[in-house]
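# What the coordinates show
Take a look at the letters that make up each chain.
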Amino acid sequence: MSLVVFPFRTEDPKVVEFNLRVAASHPAVGRVLAVGAEEESTYQAVEAFRSELAATTGTPVDLILQDRIGSKRPGKGDGMNTGLRYFLNETDAERIHFYDADITSFGPDWITRAESAADRGHDVVRHFFPRSSTDAMITWMITRTGFALLWPHTELPRIEQPLGGELLFTRPVAEALVADARVQDQSDWGIDTLYTFSTIQAGLSVYETYVPQGKQHAMYGGLTDLRTMLVECFSAIQSLTGEVVGVGATHQIEATAAVPASITEKIGYNLEATLHLLGEDWTARQAELLGHFPTGVKEGMLANRSTPTFLFLDEEAWFLSFRTLLEAYVPGDPDWEAVLFRLWVARVISYTATRALRGYEHSQRYLAEMVDGYRRRAELGS
Ligand code: DGY
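Residues numbered from 1 in each chain as written. Predicted model: local features only at pLDDT ≥ 70, side-chain atom pairs only at ≥ 80, totals over all residues. Heavy atoms only, no water.

## A closer look at the packing of aromatic side chains
A full pass over the atoms with the stated rule returns 21 aromatic pairs. With a centroid separation of 6.1 Å and an interplanar angle of 55°, the aromatic rings of F293 and W336 are classed as tilted. Of this pair, F293 sits in the loop between helix 12 (284-289) and helix 13 (295-303) while W336 sits in helix 15 (residues 334-354); the two residues are 43 residues apart in sequence, bridging distant segments of the chain. Judged by relative accessible area, W336 falls into the buried class, the value being 2%. (Phe/Tyr/Trp six-rings, centres within 6.5 Å; stacked < 30°, edge-to-face > 60°. Helix = DSSP H or I, 4+ residues; strand = E, 2+ residues; numbered from the N terminus. Buried < 20%, exposed > 50% of the residue type's maximum accessible area, 1.4 Å probe, protein only.)

If you want it as structure tokens, here you go:
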């Protein structure tokens, strides 16, 4: 039997109830756990409906608050690691699934797909799905780029959605993740990076299952909405620099299918609310920190103090900038955070203007080739 865990913060209680019901009704599921970040309105709503849910489905539905486990910002990592510990200490289930509580396209097939891959012997199952051409900009520009630069010979840069929070782990995998101090320390948005990294480093068998309908969520406002996630995901990658990863992991990716118009036509972020970020809130020290970067990047970024400029941050400039960031970035330093954020914003707008505008197919091919190009270059040591 499996345990299904939904970590949540403040979400639409109706969506959470629907998703918990889907999980509790699934024949492979023996128990459902909701892990709340704090005791707010969604937590109260789950508390109010969970007994009825358990009674009508015949599956126990538990609700707990996340523990303080790691040393970073208390966030999603503490929530997921609380779920892992509950799985090991409070249940004898064989598998644990994680799903975000706010998915509006969730259904029993998400669980069935993961279960059947685990039945075929995979240790880790990761869900992946089509995402709009301007979505997944941390995934592509930070995590997949970082994996390509740092571990080009491994499966890491080939993981489709390394920041995906929809996962299945077998019990031995959960034991290894709870025993891994790096993973347990990562209490913030960096947790997905650490789960991905640790399972590939451990040489496990990883299967990526394709969910054709995608994961529906609202458009982001300006890219500011993603600032904390960006900083935490970059810091997580940087903290792993120097780690050795072998080639023992096996990795299979399920074939993809036609992508619905709701995704190919979707706009990922609000460009108008983003553009002005390039010129805002500069400090003298941020301008000075740009001295670490190649001259073209430094001058292009500095020009933003008077007028938005971003086309210079092309694939090559991002490769060089990323290498500099890996070496020079100081975690927790607000000026470095601002420099990282502004560079990423310029890179994302540059990509939007030159690639995403050419359409869904073109942009997906471009991003995959970009990461593969970085990977080959890093492999050659150039
Ligand atoms: C990503 O980049 O994957 C984040 O979820 C933001 O879209």
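## Some words on the site of the ligand
The environment of the ligand is formed by R131, D135, A136, M137, I138, T139, Y220 and M229. Within the contact set of the ligand, an oxygen atom lies 2.8 Å away from a backbone nitrogen or oxygen of I138. Looking at which element gives the most residues to the shell around the ligand, the answer is helix 5 (residues 137-150), with three residues. Along the lines of polarity and charge, the residues of the shell around the ligand split into five nonpolar, one polar and two charged. (Near = heavy atom within 4 Å. Polar contact = N/O pair within 3.5 Å; in protein donor to acceptor, adjacent residues only side chain to side chain. Nonpolar A, V, L, I, M, F, W, Y, C, P; charged D, E, K, R; others polar.)

## Observations regarding the pairing of strand 3 (residues 61-65)
If a strand is regular, its side chains alternate between the two faces of the sheet. The pairing of strand 2 (residues 29-36) with strand 3 spans five bridges and is parallel. Each residue of the ladder has a partner; that of L33, found in strand 3, is D62. Taken together, strand 2, helix 2 (residues 41-57) and strand 3 form a β-α-β motif whose crossover is right-handed. (Pairing = 2+ DSSP bridges. Right-handed = clockwise from strand over helix to strand, strands pointing away.)

## Here's the deal with the domain arrangement of the chain
Domain parsing of the chain yields domain 1 (2-263) and domain 2 (272-380). Computed over C-alpha atoms only, the centres of domain 1 and domain 2 are separated by 28 Å. Contacts between the two partners involve 34 residues from domain 1 and, on the opposite side, 33 residues from domain 2. Buried area between domain 1 and domain 2, both sides added, is near 3100 Å², and the carbon and sulfur share of it is 75%. Contact with domain 2 buries surface across domain 1, with M141, L149 and L223 losing the most and accounting together for 22% of the total. Here domain 1 and domain 2 share one salt bridge between them. Residue R227 is joined to E337 by a salt bridge in which the shortest nitrogen-to-oxygen separation is 4.0 Å. For the pair domain 1 and domain 2, the interface holds seven residue pairs in polar contact (both at pLDDT 80 or more). Residue assignment for the side of domain 1 that touches domain 2 shows that the elements contributing at least two residues are helix 5 and helix 9 (227-239). The element contributing the most residues to the side of domain 1 that touches domain 2 is helix 5, with eleven residues. Class assignment for the residues of the side of domain 1 that touches domain 2 results in 19 nonpolar, eleven polar and four charged. (Domains from an automatic or database assignment. Contact = heavy atoms within 4.5 Å. Buried area = accessible area lost by both parts, 1.4 Å probe. Salt bridge = Lys/Arg side-chain N within 4 Å of Asp/Glu carboxyl O.)

## Quick word on the packing of helix 14 (residues 315-328) against helix 16 (residues 360-380)
If you want to describe how two helices pack, look at the angle between their axes and the distance between the axes. Packing of helix 14 against helix 16 brings their axes to within 11 Å, and their N-to-C directions diverge by 50°. With respect to each other, helix 14 and helix 16 are oriented oblique. Handedness of the helix 14/helix 16 crossing: right-handed. Across the interface between the two elements, E315, E316, W318, F319 and L320 of helix 14 pack against Y366, M370, Y374 and R377 of helix 16. Partitioning the contact of helix 14 with helix 16 into residue classes produces six nonpolar, no polar and three charged. (Axes fitted to C-alpha atoms, helices over the stretch in contact; angles between N-to-C directions. Parallel < 35°, antiparallel > 145°, perpendicular 65-115°, else oblique. Left-handed = near helix turned anticlockwise from the far one by under 90°.)

## Some details on the sheet that holds strand 6 (residues 167-170)
Consider a sheet: its strands pair through backbone hydrogen bonds, and that pairing is either parallel or antiparallel. Taken in spatial order, the eight strands line up as 3-2-1-4-6-5-7-8 in an open sheet, and their pairing is mixed. The two strands at the open ends of the sheet, each matched to only one other strand, are strand 3 and strand 8 (250-253). Taking each pair of neighbouring strands and ignoring which way they run, the sheet shows an average axis angle of 20°. Sheet topology note: the strand 1 (residues 2-8)/strand 4 (residues 95-98) ladder contains four bridges and is parallel. Its bridge partner lying in strand 4, V5 is registered against F98.

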